[in-house]
Amino acid sequence: MSKSTTVFALALIGLSSTALAGGPYVLGDGNSTATFAVDSGQIAWEVDGVSQLFAQEFYFRRASDTREHRVDSTNLSLDGVFTTDTNPFTDTRHDTIGQLYSDGLGLEIETRFSLLGGNAGSGMSDLAEQIILRNNTNATMSLSFFQYVDFDLGGDTFDDQGRIVGGNTAQQTDNGIFLSETVVTPLPTLFQMGSSNDLTSLFDDNAISNLDGTVSYAGDVAWAFQWDITIGAGQSFSISKDKLITPAPGSLALLGAAGLMTRRRRR
Ligand SMILES: [Ca+2]
Ligand SMILES: [Ca+2]
Ligand SMILES: [Ca+2]
């Protein structure tokens, strides 16, 4: 290798490590890791080394829009990202991430995730989520906000079962694993459980779509929640959710459950 080639190769290494430093962002806690793309949503969640999630994405549709737009750095400005460690004495990895987006017209969307892993081998993991929509204009703002989730429990895709209970809780099971997502507040306006293909096409079809209330599906299960929102001038709207992965009911190890509760109390 000539000297000039060596210098060029070193420069490339420098460039690529700079790019890596900007993400993706990997949270870790206990038996779990959760990975977030640089510019949009969640792209992985592993519990005891087993992959559980294919994708979690967010979409929005303002009153003037003729289709849904993904919350990402193509459709919005990504104004900030932070990760922090809330339990440095028990686990030195970062366990919380916040990402802030804005549309340049007064709409701000902030997403926050906090990972709480279980003890090794427990099969348990929790992800708390908060989404804050801010109207920084001096007029009332109407919009629809969507959360889309595609779990492939146990790392395989086409054999999951899912249902929505009470309009605010999604449940999915496969491979002896049970997942539930509860919208703590507020109740979604609409929801839909179905195949990942059908649901993603709602957001990619270049037209206005609303969810249809389907409550159950078996196969490549995915689901979405929709909030139709009006936010007063200078006001904000906050959505709180929690996702919990456990061994399926019946195989739930009491020891594991006790372990997760112990970790939670310590925080
Ligand atoms: Ca930590
Ligand atoms: Ca659509
Ligand atoms: Ca799926």
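In what follows, the structure referred to is the one given above.
My aim in this report is to walk through the structure given alongside it, one point at a time. Model, not experiment: these values are computed from the prediction. (Residues numbered from 1 in each chain as written. Chains lettered and ligands numbered in written order. Predicted model: local features only at pLDDT ≥ 70, side-chain atom pairs only at ≥ 80, totals over all residues. Heavy atoms only, no water.)

**Overview of the coordination of the calcium ion (ligand 3)**
Every protein donor of the calcium ion (ligand 3) is listed here as Asp150 (OD), Phe151 (O), Asp152 (OD), Asp220 (OD) and Val221 (O), and their distances to the metal cover 2.3 to 2.5 Å. Taken in chain order, the donor set of the calcium ion (ligand 3) reads D-F-D-x67-D-V. One end of the pair, phenylalanine 151, is in strand 11 (residues 141-151); the other, aspartate 220, is in the loop between strand 16 (216-219) and strand 17 (221-231), and 69 residues separate them in sequence. Each member of the pair phenylalanine 151 and aspartate 220 is classed as buried. (Donors = N, O, S within 2.8 Å, 3.2 Å for Na, K, Ca; no water. Helix = DSSP H or I, 4+ residues; strand = E, 2+ residues; numbered from the N terminus. Buried < 20%, exposed > 50% of the residue type's maximum accessible area, 1.4 Å probe, protein only.)

**What to know about the side chain of glutamate 68**
Along the polypeptide, glutamate 68 turns up in the loop between strand 5 (53-62) and strand 6 (69-70). Since its relative accessible area comes to 0%, glutamate 68 is described here as buried. One polar contact links glutamate 68 to arginine 61, side chain to side chain, over a distance of 2.6 Å. Looking at glutamate 68, its side chain comes within polar contact range of the main-chain nitrogen of serine 209, at 2.8 Å. In contact with glutamate 68, other than residues within four places in its own chain, are Tyr59, Phe60, Arg61, Phe146, Leu202, Phe203, Asp205, Ala207, Ile208 and Ser209. (Polar contact = N/O pair within 3.5 Å; in protein donor to acceptor, adjacent residues only side chain to side chain. Contact = heavy atoms within 4.5 Å.)

**What to know about the coordination of the calcium ion (ligand 1)**
At 2.1 to 3.1 Å from the calcium ion (ligand 1) lie its protein donor atoms, namely Asp85 (OD), Asn87 (OD1), Asp91 (O), Arg93 (O) and Asp95 (OD). Since its relative accessible area comes to 11%, aspartate 91 is described here as buried. What makes arginine 93 partly exposed here is its relative accessible area of 32%.

**Considerations on the nonpolar core**
Within soluble globular proteins, side chains that are nonpolar generally end up buried alongside one another. In terms of nonpolar packing, the biggest core is built from 41 residues, with Ile109, Phe145, Phe151 and Trp223 touching the most fellow members. A per-element tally of this core places strand 17 first, with six residues. In contact with tryptophan 223, other than residues within four places in its own chain, are Gln147, Tyr148, Val149, Phe151, Ile164, Ala170, Gln172, Leu179, Glu181, Gln192, Met193 and Leu199. The next biggest cluster of nonpolar side chains, apart from the first, holds nine residues, and it includes Tyr59, Tyr148, Phe203 and Ala222. (Core = buried A, V, L, I, M, F, W, Y, C linked by side-chain atoms within 4.5 Å.)

**Brief notes about helix 2 (residues 196-204)**
Within helix 2 the residues assigned to the buried category are Ser196, Leu199, Leu202 and Phe203. Looking straight down helix 2, one finds that the buried residues subtend no more than 125° of arc, so they occupy a single side. For helix 2, the exposed residues lying more than 90 degrees away from the buried face are Asn197 and Asp204. Among the structural elements, strand 5, strand 11, strand 15 (190-195) and strand 17 are those in contact with the buried residues of helix 2. (Arc of directions from axis to C-beta.)

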